[in-house]
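Summary of the model geometry
What follows is the residue order along each chain.
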Amino acid sequence: MKKRTWHVFVYGILLFFSPSCDQSEPITPDFWENPVSLDFDAIKDRGFIRVVVDNSSTSFYIYRGRRMGYEFELLRNFATRQGLELRLIVSTGLEESFRLLNEGAADIIAINFEYSEPRQKYAAFSKPINEISTILVQRKRAGMATNFEDLRNAEVTIKRGTIYLDKLMALNDSLDLNIQIVEVDESLESLILKVVENDLAYTVVDEDIALVNATYFDELDVDLSISSPSHVSWAVRKNAPQLLETLNDWIDRIHRTGFQAVLYEKYFLNKKNSYFRNSSAFSSVSGGRISVFDDLIKEGADRLGWDWRLLASLVYKESRFDTSAVSYAGAVGLLQLMPVTLRQFGVVNPSDPRESLSGGVNYLSYLDGFWLERVPDNNERLRFILASYNIGHGHVQDAWRLALKYGKDSGVWSNVAFYLERKSKPEVYRDPLVTSGYAKGHLAVQYVSEIINLYESYKVLVSP
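Predicted model only: the values in this text are computed from it and were never measured.

It is worth spelling out the overall build of the chain at this point. Regarding its fold elements, the chain presents 20 helices and 13 strands. Nonlocal contacts in the chain, meaning residues at least 24 apart in sequence, comprise 70% of its contacts between residues at least 6 apart.

Rendered as structure tokens:
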């Protein structure tokens, strides 16, 4: 490893982008000076909110096909209470996160930031969402560090570009400890694993990440705080006062009702649950598998020419990977086929996962053929297929005809979804072009959106 080297300019930039830094005059790109004008009213009209999160065992990950994480569940509650669909963007770095925010590609950065006055130039920050310390992570052993003096001349390895550099340097300056700081381009949890495996003596992380990892690595010691607890907040555009007020009102509510305390217990204090979620083969944090049926799903996806994670998203949505699942309408198996569809596509035993997947893939292939000439674009056609799988291609075709009738491009899903959502209205389902009648089409549109959103999460968190 290479010992830390930096120029003053680079150091200042890194400290600004670190979640807790207090640099006063970093270089200011244009997108910070002129953020896009997009406040909460426009977000409500759009119908969804985009949020930047970390991919970690504390923030956002996949467990047995299900999206989980402390920040994820907080954000899901926020979006649901505002009547919005939640769309998550996994952070690739804080500079990129701020760029996405100020260019309007994201609306909130749900990463813990310590408040500082200079930062108000670049973003607005919510009321405190939490209170977090910075923790030294080490193995339990004889002679381990129990106080700052034990770190004299020690080597501490940290993630590059984080506030931990600033905090360790403050210790060096105030106590003359001569701590040797090594910065590397690795994730926090990768560094923790190296401590577990005795490849590193020490690393430094936020308290929440330290607590979660200590629940499933008994050999870790996370008792020494490098800094006192400090309030941390989320970021929004500085010209979005409606969004900031809405977010602050919600933060007051989750503190008042105890909702946040319950989630904190679930993710950081319940050792048994944390261990299974984060050490399972079916967790994106550790094993990288989605379900026990991944191999069968990959075979089916190959037949369709789909990304297997897309088919896995559909299976999860239909049955949660439960071969014995039966819907209120009588649909059965992993892909929840109705009895008539089972017979049509050759499924004898719907509880057999191979048969159920094969039958579902046959049906999806049929739907692909049905829409192929009507919707030539593969990405658009995918949404027609998913909606047809949910509600039947007759209802989707009705909406397709209505889009044609009113001069819309019927090969674009959003145009057809507009009419499908309205198929419960008499003036729509009584139109002479509508042959399949009444339908709760808005549920099919929501179904498509939920599968695509889950697929986007799988693409980020699970290897292809």
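Back to the write-up after that little detour.
The next thing to look at is helix H5 (residues 94-103). Buried within H5 are the following residues: Leu-94, Ser-97, Phe-98, Leu-100, Leu-101 and Asn-102. Just beyond H5, the residue with positive phi is Gly-104, at close to 90 degrees.

Its 12 residues give helix H4 (residues 70-81) an end-to-end C-alpha distance of 17 Å, which sits within 8% of 16 Å, the value for a rise of 1.5 Å per residue. Among the 12 residues that make up H4, 9 are buried, leaving the element largely enclosed by the rest of the structure. Every buried residue of H4 is listed here: Tyr-70, Glu-71, Phe-72, Glu-73, Leu-74, Leu-75, Asn-77, Phe-78 and Ala-79. Following H4 by one or two positions, Gly-83 has its phi on the positive side, about 70 degrees.

Before going further, it helps to examine the confidence of the model for the chain. Averaged over all residues, the pLDDT of the chain equals 86, while 88% of them reach at least 70. Across the chain, helix H18 (residues 413-420) holds the top mean pLDDT of 97, while helix H1 (residues 8-17) sits lowest at 36. Low pLDDT, under 50, characterises residues 1-18; the predicted model gives this stretch 44 contacts beyond four residues in sequence or across chains. This stretch, residues 20-28, has a pLDDT under 50; its non-local contacts, to residues over four places away or in other chains, come to 27 contacts.

Of note in this structure, Asn-153 is not a glycine but carries a positive phi near 65 degrees. Mapped onto the elements of the fold, Asn-153 is located in the loop between strand E8 (134-139) and strand E9 (155-159). Judged by its relative accessible area of 48%, Asn-153 falls in the partly exposed class. We note that Arg-320 has phi near 55 degrees; this positive angle belongs to a residue other than glycine. Relative to the elements of secondary structure, Arg-320 occurs in the loop between helix H13 (308-319) and helix H14 (339-344).

Within the secondary structure, Arg-66 is located in strand E3 (residues 66-68). Separated by 392 residues in sequence, Arg-66 and Tyr-458 have C-alpha atoms that sit 9.6 Å apart. In this structure Arg-66 touches Tyr-61, Arg-76, Tyr-316 and Tyr-458, once residues within four positions along its chain are discounted.

Residue position: Ala-145 is located in the loop between E8 and E9. Put simply, Ala-145 and Asp-221 are 76 residues apart on the chain and 9.5 Å apart in space, counted from C-alpha to C-alpha. Residues contacting Ala-145, with those up to four places away along its chain left out, are Leu-136, Gln-138, Asp-150, Leu-151, Tyr-202 and Leu-224.

Here we come to the pattern of salt bridges. On inspection of all chains with the given rule, the structure shows 20 salt bridges. Of the charged contacts, one joins Lys-423 and Asp-398 as a salt bridge, the two residues approaching to 2.7 Å between their closest N and O atoms. Here Lys-423 is found in the loop between H18 and helix H19 (426-429), whereas its partner Asp-398 is found in helix H17 (residues 393-405), with 25 residues between them in sequence. Here Lys-423 and Asp-398 have matching classes, each one buried. Here Arg-422 makes a salt bridge to Glu-421, at a shortest N to O gap of 3.6 Å. Taken together, the shared-partner salt bridges in this structure form one network comprising Arg-46, Asp-107 and Arg-237.

The buried count for strand E10 (residues 180-184) comes to 4 of 5 residues, which makes it a mostly enclosed element. Note that E9 and E10 share 5 bridges and pair parallel. Across the sheet, residue Lys-159 finds its bridge partner in E10, namely Val-184. Of the crossover connections in this fold, the one passing from E9 over helix H6 (residues 164-175) to the parallel E10 is right-handed.

Calculation rules
- Residues numbered from 1 in each chain as written.
- Predicted model: local features only at pLDDT ≥ 70, side-chain atom pairs only at ≥ 80, totals over all residues.
- Heavy atoms only, no water.
- Helix = DSSP H or I, 4+ residues; strand = E, 2+ residues; numbered from the N terminus.
- Contact = heavy atoms within 4.5 Å.
- Buried < 20%, exposed > 50% of the residue type's maximum accessible area, 1.4 Å probe, protein only.
- Expected span 1.5 Å × (residues − 1).
- pLDDT = per-residue confidence, 0-100.
- Salt bridge = Lys/Arg side-chain N within 4 Å of Asp/Glu carboxyl O.
- Pairing = 2+ DSSP bridges.
- Right-handed = clockwise from strand over helix to strand, strands pointing away.

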